[in-house]
Amino acid sequence: MPLPQTLSNLRLPLIGSPLFIISNPDLVIAQCKAGIVGSFPALNAREQPGDPIELDRWLVRIKEELDRHNQANPDSPAAPYAVNQIVHKSNTRLERDVEICAKHEVPVWITSLGARPEVNEAAHSTGGIVLHDVINDRFARKAIEKGADGLIAVAAGAGGHAGALSPFALVQEIRAWFDGPLFLSGAIARGDSLLAALAMGADGGYAGSAFIATEEANAQGAYKQMIADCGASDIVYSNLFTGVWGNYLKPSIAAAGLDPESLEISDPSKMDFGAAKPKSWKEIWGSGQGIGAVTKVQPAARLVDQLEAEFLAAQERLARQLGWSRA
Ligand SMILES: Cc1cc2nc3c(=O)[nH]c(=O)nc-3n(C[C@H](O)[C@H](O)[C@H](O)COP(=O)(O)O)c2cc1C
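Residues numbered from 1 in each chain as written. Predicted model: local features only at pLDDT ≥ 70, side-chain atom pairs only at ≥ 80, totals over all residues. Heavy atoms only, no water.

**Examining the pattern of salt bridges**
We apply this condition: Between Lys or Arg on one side and Asp or Glu on the other, a salt bridge is scored when a side-chain nitrogen of the former is within 4 Å of a carboxyl oxygen of the latter. Strands are runs of DSSP state E lasting at least two residues, helices are runs of H or I lasting at least four, and both sets are numbered from the N terminus onward. Between buried and exposed lies partly exposed: a residue is buried under 20% and exposed over 50% of the maximum accessible area for its type, with that area taken using a 1.4 Å probe on protein chains only.
Scanning all chains against the criterion turns up 18 salt bridges. Between R141 and D137 there is a salt bridge whose closest N-O contact spans 2.9 Å. Of this pair, R141 and D137 both sit in helix α5 (residues 137-145), four residues apart, roughly one helical turn. Accessibility expressed as a relative area gives 13% for D137, which makes it buried. D192 is the salt-bridge partner of R317, the closest N and O atoms lying 3.3 Å from each other. Of this pair, R317 sits in helix α11 (residues 300-322) while D192 sits in helix α7 (residues 191-200), and the two are 125 residues apart along the sequence. Linked by salt bridges that have partners in common, D26, K33, R61 and E65 make up one network.

Next up, the structure:
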């Protein structure tokens, strides 16, 4: 099935995925201007006392800057932006954030940690599409039954709350019954991997960790540098920090005084997005396994240029390897 109109004209079939704390309007605007979907979790727009409408302000700014870009660059318009809603009982802002996003006619909604028909209906009521992120086929079926338009398959090796399944297994099971929009997440940090996602049957990739090492990202310099310095063997899969299994940078865990090789197993009922965490965990940093490809901190636009160059080079290489004729 062809991609919905909203996602059909991207420079690269890629979504810059939402990153808690890290994705901010600067990063989203840079990603969209560079021609990939930029996204942020609604919860990143932190409320200040007496100033509850930061999300509204972020959306006004993103829309204005992208409109200005489109007027100045009619031949290379910005990609659409996306807002991520954490659909979990501990997210007490959900209803209000959904209202604000509907008011702004957000074009792409990404839902995580729960599928709720009323969130999908709110998105559809103003012409938006909903992509729901899932770690297995059972959740994928539930999400589509509840009205999501497309899926993000979060495979093993992804940053944040990663799944444990191989991307091959996950994509093939979903594609056996679902021909709608499907994006693959997990350790995509090079254009070659993006092409591999398409070869497997996905419509595009979903990349997060590589964008932490960009100038626009709202992360400490030491975190960005750790992404640039580390590789797959520096990542540990643990559920200790949020109650949900996720991938983290071992050096950041060691710096908090814990042994990354012997972390306790936590209880999922402890998951609470409103709860305070031990102070020493503040600088435990998430990352996927793909960061061996990241060697420096650079502007997001340059990272997208690099991904595109690799994507095109990988196509050429494959064409030669497989003996495809160039029509
Ligand atoms: C530090 C960090 C924070 C994340 N925060 C969120 C989030 O708030 N919401 C969400 O849906 N996914 C979140 N994710 C998951 C990403 O959106 C995405 O699935 C993942 O980064 C893709 O794998 P990659 O990092 O290997 O590219 C986060 C990932 C990381 C690394």
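Here the narrative resumes, following the displayed structure.
**Some details on the site of the ligand**
Rules: Residues are labelled near a given molecule or strand when at least one of their non-hydrogen atoms is within 4 Å of it. Polar contacts, as counted here, are pairs of nitrogen or oxygen atoms within 3.5 Å of one another; within protein the pair requires one atom able to donate a hydrogen and one able to accept it, and residues that are adjacent in sequence qualify only if both atoms are side-chain atoms. All accessible-area figures derive from a Shrake-Rupley calculation using a 1.4 Å probe, and residue coverage is judged against the displayed protein chains alone. Note on residue classes: Ala, Val, Leu, Ile, Met, Phe, Trp, Tyr, Cys and Pro are nonpolar, Asp, Glu, Lys and Arg are charged, and everything else, Gly too, is polar.
Taken together, 24 residues surround the ligand, and among them P18, S112, A187, G208 and S209 come closest. G159 has a polar backbone atom sitting 3.1 Å from an oxygen atom of the ligand. G208 places a polar main-chain atom, nitrogen or oxygen, 2.8 Å from an oxygen atom of the ligand. About the coverage of the ligand: the protein hides 91% of its 600 Å² of free accessible area. Taken together, the elements giving at least two residues each to the shell around the ligand come down to β3 (81-86) and β8 (204-207). Across the shell around the ligand, the residue classes tally to 11 nonpolar, 12 polar and one charged.

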